Amino acid sequence: METKAANADGQHAVTIRELVRNSLRMRPDRIIVGECRGGETFDMLQAMNTGHEGSLTTVHANTPRDAISRLETLVLMAGMDLPLKVVRQQISSAIDLIIQQTRLKDGKRKLTNVTEVAGMEGDVVVLSEIFKFVQTGVTPDGKMLGEMSATGVRPNFTPRLEAAGFKFGGEVFAPRPSAQNMRR
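Now for a description of the structure that goes with this document. (Residues numbered from 1 in each chain as written. Predicted model: local features only at pLDDT ≥ 70, side-chain atom pairs only at ≥ 80, totals over all residues. Heavy atoms only, no water.)

A closer look at the overall build of the protein
Consideration 1: When you go through the protein residue by residue, the secondary structure sums to six helices and six strands.
Consideration 2: Each helix and strand of the protein, placed in order from N terminus to C terminus, yields the pattern α-β-α-β-α-α-β-β-β-β-α-α.
Consideration 3: When each of the 184 residues of the protein is scored for burial, the buried share is 30%.
Consideration 4: Considering only contacts in the protein between residues 6 or more positions apart, those separated by 24 or more positions represent 40%.
Consideration 5: In the structure as shown, the protein presents an accessible area of about 11,700 Å², 51% of it carried by carbon and sulfur atoms.
Consideration 6: Averaged over its 24 positive side-chain charges, the protein has a centre that lies 5 Å from the centre of its 21 negative ones. (Helix = DSSP H or I, 4+ residues; strand = E, 2+ residues; numbered from the N terminus. Buried < 20%, exposed > 50% of the residue type's maximum accessible area, 1.4 Å probe, protein only. Contact = heavy atoms within 4.5 Å. Areas by Shrake-Rupley, 256 points an atom, 1.4 Å probe, with all protein chains shown as cover. Lys, Arg positive; Asp, Glu negative; His and termini not counted. Charge placed at Lys NZ, Arg CZ, Asp CG, Glu CD.)

This is the structure we're talking about:
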């Protein structure tokens, strides 16, 4: 489904918020919102918290922690008078992973973080970094060298993945010595 701008009379617009709400009536297996930029974030989180596993959206932020803050702000833009702790609980309940893509100094976009949203401790959303980009050098022409490296953290949702048929050995999450560390 796609949004639609209002006509010349300012009528018949179709917003992302309306599409997310209407998609729930269609009993979807997945809900994908191309980008959350406003109040539709609240509707997306509501949809994610009603058993629609595998939902996906994008949001612009500098880090996984900033993505949480950005989602909080976008939910509050929906005009709902919710306490911040409730918004954070909705986020921590709805989202399993934040996958960060960053434009590096050489202009290339790289996956830089895979971070689990591990729940709440008090009023804080707990994040656990599972994989991170480790820069190992720069080529003479300025290209960034590096690789995604496991942090040693095994995500809490691994049993759900395995129940769905995705089997991961412990070695997937075990940190490997990088080529740079092996030279020392």
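A look at the sheet that holds strand β6 (residues 144-150)
Consideration 1: Pairing is antiparallel in the open sheet, where four strands are placed in the order β3-β4-β5-β6. Only two strands of the sheet have a single partner each, and these edge strands are β3 (97-103) and β6. Here the average twist between neighbouring strands, direction ignored, is 30°.
Consideration 2: Both strand β4 (residues 109-121) and strand β5 (residues 124-138) contribute to a ladder of eight bridges, which runs antiparallel. Residue pairing for β5: Glu116 is matched across the bridge by Ser128.
Consideration 3: Strands in contact with helix α3 (residues 64-76) are β3, β4 and β5; relative to β5, the strand with the most contacts, it is inclined by about 140°. (Pairing = 2+ DSSP bridges. Axes fitted to C-alpha atoms, helices over the stretch in contact; angles between N-to-C directions.)

Focus on the pairing of β6
Consideration 1: Sheet topology places β5 next to β6; seven bridges connect them, and they run antiparallel. What sits directly across from Val134, in β6, is Glu147.

Section: the nonpolar core
Consideration 1: Judged by nonpolar contacts, the single largest core of 22 residues is most densely connected at Leu45, Ile91 and Ile95.
Consideration 2: Listing elements by their share of this core, those giving two or more residues are α2 (40-48), α3 and α4 (84-94).
Consideration 3: Excluding its chain neighbours within four sequence positions, the residues that come into contact with Ile91 are Leu45, Ile68, Leu71 and Glu72. (Core = buried A, V, L, I, M, F, W, Y, C linked by side-chain atoms within 4.5 Å.)

A word on the packing of aromatic side chains
The description of two aromatic rings rests on the distance between their centres and on the angle between their planes.
Consideration 1: Inspection of the entire model under this criterion finds two aromatic pairs.
Consideration 2: Centre to centre, the rings of Phe131 and Phe173 are 6.0 Å apart; their planes meet at 35°, and the pair counts as tilted. Taken together, the residues span a long stretch of sequence, with Phe131 in strand β5 and Phe173 in the loop between α5 (158-163) and α6 (179-183) at a distance of 42 residues. No difference in accessibility class separates Phe131 from Phe173, as the two residues are buried.
Consideration 3: Centre to centre, the rings of Phe168 and Phe173 are 6.0 Å apart; their planes meet at 65°, and the pair counts as edge-to-face. (Phe/Tyr/Trp six-rings, centres within 6.5 Å; stacked < 30°, edge-to-face > 60°.)

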